[in-house]
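# Inside the fold
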Amino acid sequence: MNRTKGDEEEYWNSSKFKAFTFDDEDDELSQLKESKRAVNSLRDFVDDDDDDDLERVSWSGEPVGSRTRPGSFQSLSDALSDTPAKSYAPELGRPKGEYRDYSNEWSPSDTVRRLRKGKVCSLERFRSLQDKLQLLEEAVSMHDGNVITAVLIFLKRTLSKEILFRELEVRQVALRHFIHFLKEIGDQKLLLDLFRFLDRTEELALSQYREHLNIQDPEKRKEFLKTCIGLPFSAEDSAHIQDHYTLLERQIIIEANDRHLESAGQTEIFRKHPRKASILNMPLVTTLFYSCFYHYTEPEGTFSSPINLKKTFKIPDKQYVLTALAARAKLRAWHDVDALFTTKNWLGYTKKRAPIGFHRVVEILHKNSAPVQILQEYVNLVEDVDTKLNLATKFKCHDVVIDTCRDLKDRQQLLAYRSKVDKGSAEEEKIDTILSSSQIRWKN
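An account of the accompanying structure is given in this report. Note that the coordinates shown come from a computational prediction; the quantities given were computed from them, not determined experimentally.

Conventions adopted
- Residues numbered from 1 in each chain as written.
- Predicted model: local features only at pLDDT ≥ 70, side-chain atom pairs only at ≥ 80, totals over all residues.
- Heavy atoms only, no water.
- Helix = DSSP H or I, 4+ residues; strand = E, 2+ residues; numbered from the N terminus.
- Expected span 1.5 Å × (residues − 1).
- Buried < 20%, exposed > 50% of the residue type's maximum accessible area, 1.4 Å probe, protein only.
- Contact = heavy atoms within 4.5 Å.
- Core = buried A, V, L, I, M, F, W, Y, C linked by side-chain atoms within 4.5 Å.
- Axes fitted to C-alpha atoms, helices over the stretch in contact; angles between N-to-C directions.
- Left-handed = near helix turned anticlockwise from the far one by under 90°.
- Nonpolar A, V, L, I, M, F, W, Y, C, P; charged D, E, K, R; others polar.
- Arc of directions from axis to C-beta.
- Polar contact = N/O pair within 3.5 Å; in protein donor to acceptor, adjacent residues only side chain to side chain.
- Parallel < 35°, antiparallel > 145°, perpendicular 65-115°, else oblique.
- Phe/Tyr/Trp six-rings, centres within 6.5 Å; stacked < 30°, edge-to-face > 60°.
- Lys NZ or Arg CZ within 6 Å of the ring centre and 35° of its normal.

### Considering helix 11 (residues 235-264)
The terminal C-alpha atoms of helix 11 lie 44 Å apart, and with 30 residues this matches the ideal 44 Å at 1.5 Å per residue to within 8%. The complete set of buried residues in helix 11 reads Ile241, His244, Tyr245, Thr246, Leu247, Leu248, Arg250, Gln251, Ile252, Ile254, Glu255 and Asp258. Considering only its buried residues, helix 11 is in contact with helix 9 (201-209), helix 10 (218-228), helix 12 (268-272), helix 13 (284-294) and helix 14 (306-312).

Here it is in structure tokens:
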């Protein structure tokens, strides 16, 4: 009995003998689920800037720029199996008649096109190295990340590690896909072997360094980081690794001391503001904020001193001031805020200076419910007149708005602002006094 192509596909879709397919949602083998976890870069200890040296990865785990069809990674489960794909032989007890396996006649090009369309397709017939490599090259030529990954999974299972690495070394597109695939599935051992084979020492070092993420015990993680210091990183990355080790070493000391102080209940700051979380494994900026919150007045010689952290990790002035301001404003320690921006010259004269700009100071103070008197003082320090007026109006610093309009000799703006203050208030009276003054030569 001859079968039409439609009958053939209906038969195989209903058969209990399943083949490698992109549409199999109920496969009993383990499925590789799409992952949101970051596999892109070395953690930055100060901020979240992107690491341009490492290629970014899309949602599906393929390099950005490859064209991909929706619903992919999860359906590669058959190819991930350590057992051969299930046979295409017809089921025993089927109705009489011969079934012809057309898949044996498909070329690598035909097979790749069927994979791309999500058709049932076995790769097991490609047994020679030449056929397997042709299959890979056809997949790469399609520019479809999912098909490339499916073929790579097949090669990973059916080729020795040495042969696979050797062939990928001269096929850079496939190599990039394979590296990202290994990162996605967490096959760290094979990834390290691949980097060793390629003599990509910095990537090898980075992959080894990332192993610290799997170590939960702080002391063990610290010791592991210590072993990473001598790995062949670039000079810049070596400095980051050293900082990471030093930071965790400090955090362990601070955490033990503060846990003791908190449990003793004799330190006011811990009684009024109990800690919400451990400081262990926190980023540098978080550690600095913690230090400015709980240990602001400690001498520079102590590990938990904010100034000590600033000098040890070479924290820029802007970052330090921004973090210290946020911590002290949260505690409503306005005297500390004032001291943070007060400088003295060699003659002893004091002056306010803000490396982050006074407009940002005002925003942070307002966010932490600073009194209007304090807000007005810092709004007045904003140099740009338009920015000053906008901030003063936004935060209802009436005296700043009134005085600025007077200094600008802007009668119309002062009249307009009069309607925004309470009737009979001191502000309205002040505006009326200014408007009636004969000594001001208004510009409008």
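Read on for the rest.
### A short note on the nonpolar core
Ranked by internal contacts, the top residues of the largest apolar core, which has 56 residues, are Leu325, Phe341, Val361, Leu365, Tyr378 and Leu414. Among all residues touching Leu414, those that are not within four sequence positions of it are Ile402, Cys405, Ile431, Ile434, Leu435 and Trp442. Within the second largest apolar cluster, 34 residues are counted, among which are Leu135, Met142, Ile148 and Leu190.

### What about the packing of helix 19 (residues 385-394) against helix 20 (residues 398-407)?
Here helix 19 crosses helix 20 at 145°, and the two axes come no closer than 8 Å. Handedness of the crossing formed by helix 19 with helix 20: left-handed. Contacts from Val385, Lys388, Leu389, Ala392 and Thr393 in helix 19 reach Val400, Val401, Thr404 and Cys405 in helix 20. For the contact of helix 19 with helix 20, the residue count by class is six nonpolar, two polar and one charged.

### Focus: helix 10
Every buried residue belonging to helix 10 is among Arg221, Lys222, Leu225 and Cys228, and all of these are buried. Angular distribution of buried residues about the axis of helix 10 spans 110°; they occupy a single face of the element. Structural note: helix 10 exposes Lys220 and Thr227 on the side pointing more than 90 degrees away from its buried face. Residues of helix 10 that are buried make contact with helix 9 and helix 11. In this structure Asp217 caps helix 10, since a side-chain oxygen of it lies 3.2 Å from the backbone nitrogen of Glu219.

### Points about the packing of helix 13 against helix 15 (residues 317-330)
The contact between helix 13 and helix 15 brings their axes to 8 Å, and the two run at 45°. One way to sum up the angle between helix 13 and helix 15 is to call them oblique. As for the relative orientation of helix 13 and helix 15, their crossing is right-handed in sense. Seen from helix 13, the contacting residues are Val285, Leu288, Phe289, Cys292 and Phe293; seen from helix 15, they are Gln319, Tyr320, Thr323, Ala324, Ala326, Ala327, Arg328 and Lys330. For the contact of helix 13 with helix 15, the class distribution of residues is nine nonpolar, two polar and two charged.

### A closer look at the packing of aromatic side chains
Summed over the entire model, instances satisfying the criterion amount to nine aromatic pairs. Aromatic pair Phe270 and Tyr294: ring centres 4.8 Å apart, planes at 10°, arrangement stacked. Taken as a pair, Phe270 in helix 12 and Tyr294 in helix 13 lie far apart in primary sequence, 24 residues in all. Here Phe270 matches Tyr294 in class, with each residue buried. Geometrically, the ring pair formed by Tyr290 and Tyr294 is tilted, given 4.9 Å between the ring centres and 50° between the ring planes. On the criterion of helical spacing, the pair formed by Tyr290 and Tyr294 is a turn pair, its members being four residues apart in helix 13. Note on accessibility: Tyr290 and Tyr294 belong to one class, buried. Joined through ring pairs, the aromatic side chains of Phe270, Phe289, Tyr290, Phe293 and Tyr294 make up one cluster. The cationic tip of Arg125 hangs over the ring face of Phe126; the distance from NZ or CZ to the ring centre is 4.7 Å.

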